[in-house]
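# Coordinates in review
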Amino acid sequence: MGFEQTMGMGRGNWSTCGGTTGDISDSWNSMISILSQQKDWAKYAGPSHWNDPDMLEVGNGGMTTEEYKTHFSLWCMLSAPLLAGNDIQNMSSGNKINPD
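In short, a report on the structure. (Residues numbered from 1 in each chain as written. Predicted model: local features only at pLDDT ≥ 70, side-chain atom pairs only at ≥ 80, totals over all residues. Heavy atoms only, no water.)

### Remarks on the overall build of the protein chain
Heads up, the rule is: For helices the rule is a DSSP run of H or I covering at least 4 residues; for strands it is a run of E covering at least 2, with both sets numbered from the N terminus onward. Each residue's exposure class comes from its accessible area (1.4 Å probe, protein chains only) as a fraction of the maximum for that residue type: buried when under 20%, exposed when over 50%, partly exposed otherwise. In what follows, residue pairs with any heavy atoms lying within 4.5 Å of each other are defined as contacts. In these tables, accessible area is a Shrake-Rupley quantity obtained with a 1.4 Å probe, and a residue counts as shielded only by the protein chains included in the view.
Within the protein chain, the regular secondary structure consists of 3 helices and 2 strands. For the protein chain, the succession of helices and strands along the chain, N to C, is α-β-α-β-α. For the protein chain, the proportion of its 100 residues judged to be buried stands at 31%. Long-range pairs, those at least 24 residues apart, make up 64% of the contacts in the protein chain between residues at least 6 apart in sequence. As displayed, the protein chain has an accessible area near 6200 Å², and 52% of this comes from carbon and sulfur atoms.

See below:
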């Protein structure tokens, strides 16, 4: 069942998170494309249902540190689930909030 079909079911019926796009890839263009698709889904986000524009790509090596900061910040602004899509044990210190 696709996201569009679950929207008619109402909040909290069986899922607290609904995918809003296809898979993200570790590139600025992919991230911006997915971001541009979120405006139509904003009205569905809230307690018991969060729009999921896919996982974070932070630290995978395809974007600059500034682009990763933008990616993370935008997902926060969307109230999206902040699911790490990288190997957190091997992240560079530049991609960690607290590198110590």
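This is not the end of the story, as more comes after the structure.
### Considering unusual backbone geometry
Residues other than glycine seldom take positive phi values, yet Asp54 does so here, at roughly 100°. Position of Asp54 relative to the elements: it lies in the loop between strand E2 (50-52) and helix H3 (65-77). Look at Ser79: it is not a glycine, yet its phi comes out positive at around 55°. Topologically, Ser79 is positioned in the segment after H3.

### Side note on the pattern of salt bridges
Stated formally: Whenever a carboxyl oxygen of Asp or Glu lies within 4 Å of a side-chain nitrogen of Lys or Arg, that contact is scored as a salt bridge.
Counted according to the given criterion, the structure contains 2 salt bridges. One salt bridge connects Lys39 with Asp40, and the closest N-O pair in it is separated by 3.4 Å. In this structure Lys39 comes out as exposed when scored by relative accessible area, which is 63%. One salt bridge in this structure joins Lys69 and Glu66, with 3.5 Å as the shortest N-O distance. Pair noted here: Lys69 and Glu66 are both in helix H3, with a separation of 3 residues, about one helical turn.

### Considerations on the packing of helix H2 (residues 28-36) against H3
To be explicit about the condition: Between the N-to-C directions of two axes lies an angle of 0 to 180 degrees, each axis being a line fitted to C-alpha atoms and, for a helix, fitted only over the stretch in contact. Angular relationships are summarised with four words: roughly parallel below 35 degrees, roughly antiparallel beyond 145, roughly perpendicular across 65 to 115, and oblique for the angles in between. Crossing chirality is assigned from the near helix's rotation relative to the far helix, an anticlockwise turn below a right angle marking it left-handed and a clockwise turn marking it right-handed. Any residue that is not Ala, Val, Leu, Ile, Met, Phe, Trp, Tyr, Cys, Pro, Asp, Glu, Lys or Arg is counted as polar, Gly included; the first ten are nonpolar and the last four charged.
Across the interface, H2 lies against H3 with an axial gap of 11 Å and an inter-helix angle of 20°. The pairing of H2 with H3 is recorded here as roughly parallel in orientation. For the crossing formed where H2 meets H3, the hand is left-handed. Within the contact between the two elements, H2 uses Trp28, Met31, Ile34 and Leu35 and H3 uses Glu67, Thr70, His71, Leu74 and Trp75. Partitioned by chemical class, the residues of the contact of H2 with H3 number 6 nonpolar, 2 polar and 1 charged.

### Observations concerning H3
Condition: For a helix, the expected span equals 1.5 Å multiplied by the residue count minus one. Taking the helix axis as origin, the arc is that swept by the directions to the C-beta atoms.
For H3, with 13 residues, the first-to-last C-alpha span of 18 Å sits near the 18 Å given by 1.5 Å per residue. For H3, the full list of buried residues reads Tyr68, His71, Leu74 and Trp75. Looking down the long axis of H3, one finds its buried residues gathered within 130° of arc, a one-sided arrangement. The outward face of H3, more than 90 degrees from its buried face, is lined by the exposed residues Glu66 and Met77. Close packing links the buried residues of H3 with H2. Phi for Ser79, located one or two positions after H3, is positive at around 55°.

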